[in-house]
Amino acid sequence: MSLARAQPVIYMIECQSAALTSMCPLLEASGHPVVKVADAERFSHDVLSRRSVRSCDAIIMDMDVGEPMTFRLLNLIMQSSDRPRIVLMASVDAAIGDQDSFPHEKLHILRHPATPQQLLDLLDVDL
C-alpha cells in the first residue's frame, strides 16, 4: 500500500480582495482546497502557532489591499523554518517592489492584472 501525498491547502488571506475573490472558483474547480481567511491577525495566532499550515500548503496575499497585519503575517511566515509556498499579488506601484528581495525560494510575486492560469502555474511550480 502506498501513501498518497497530502493535498496542499491554499489559504487566501484578507479574501475580500476582488482579485482573490475572482481566483477562488478557478482554484476550487481545479481541485485545490481553498480556505478563505478574513482576519490575518487571527490566522497568525490560531493557525501558525498551532503549526497546522504545512510546507506543502500555499498562502496567497493581495498586497494591494493588505492591511498592516497582512505585512506582519508575511514577516512571521518568512521567519518560520518550515514555510509554506507564498504568492504575493501586487500591482506595479504596490509596496512590494521589483527591487525587493526575499530569501525564500518558495515566494513568488504575481503582478496585477494576472490571469488565472498564471496563478495556477505559480502554485504548481513548487509541488
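Residues numbered from 1 in each chain as written. Predicted model: local features only at pLDDT ≥ 70, side-chain atom pairs only at ≥ 80, totals over all residues. Heavy atoms only, no water.

Enquirer: Would you mind showing me how to read unusual backbone geometry here?
Expert: Trans is the prevailing form of peptide bonds, just as negative phi is the prevailing case for residues other than glycine. That bond from histidine 112 to proline 113 is cis: its omega, -10°, falls within 30 degrees of zero. With respect to the helices and strands, the residue proline 113 is situated in the loop between strand 5 (107-111) and helix 4 (116-125). (Helix = DSSP H or I, 4+ residues; strand = E, 2+ residues; numbered from the N terminus.)

Enquirer: I tried to follow the pattern of salt bridges on my own but got confused; where do I start?
Expert: Oppositely charged side chains may form a pair once their charged atoms are brought near each other. With the rule as written, the count across this model stands at one salt bridge. Aspartate 57 serves as the salt-bridge partner of arginine 54, at 2.7 Å between the closest nitrogen and oxygen. The partly exposed category is assigned to arginine 54, whose relative accessible area is 29%. A residue is classified by how much of its surface remains accessible, and aspartate 57, at 0% relative accessible area, is buried. (Salt bridge = Lys/Arg side-chain N within 4 Å of Asp/Glu carboxyl O. Buried < 20%, exposed > 50% of the residue type's maximum accessible area, 1.4 Å probe, protein only.)

Enquirer: Can you help me understand the packing of helix 2 (residues 40-48) against helix 3 (residues 68-79) in this one?
Expert: Packed helices, taken two at a time, are described by the angle their axes make and the gap between the axes. Contact pair helix 2 / helix 3: the axes reach a minimum separation of 8 Å and the direction vectors enclose 25°. Taken together, the axes of helix 2 and helix 3 lie roughly parallel to each other. Where helix 2 abuts helix 3, its residues Ala40, Glu41, Phe43, Ser44 and Leu48 lie against Met69, Thr70, Leu73, Leu76 and Ile77. Per-class residue counts for the contact of helix 2 with helix 3 are seven nonpolar, two polar and one charged. (Axes fitted to C-alpha atoms, helices over the stretch in contact; angles between N-to-C directions. Parallel < 35°, antiparallel > 145°, perpendicular 65-115°, else oblique. Contact = heavy atoms within 4.5 Å. Nonpolar A, V, L, I, M, F, W, Y, C, P; charged D, E, K, R; others polar.)

Enquirer: Honestly, the environment of methionine 12 in this entry has me stumped. Any pointers?
Expert: Here methionine 12 is to be found in strand 1 (residues 10-13). By relative accessible area, which is 0% here, methionine 12 ends up buried. For the pair methionine 12 and methionine 61, spaced 49 residues apart in the sequence, the C-alpha separation amounts to 6.3 Å. Once you skip the residues sitting within four places of it in the chain, methionine 12 turns out to touch Leu20, Met23, Cys24, Leu27, Val34, Val35, Lys36, Val37 and Ile60.

None of this, on its own, says anything about what the molecule does.
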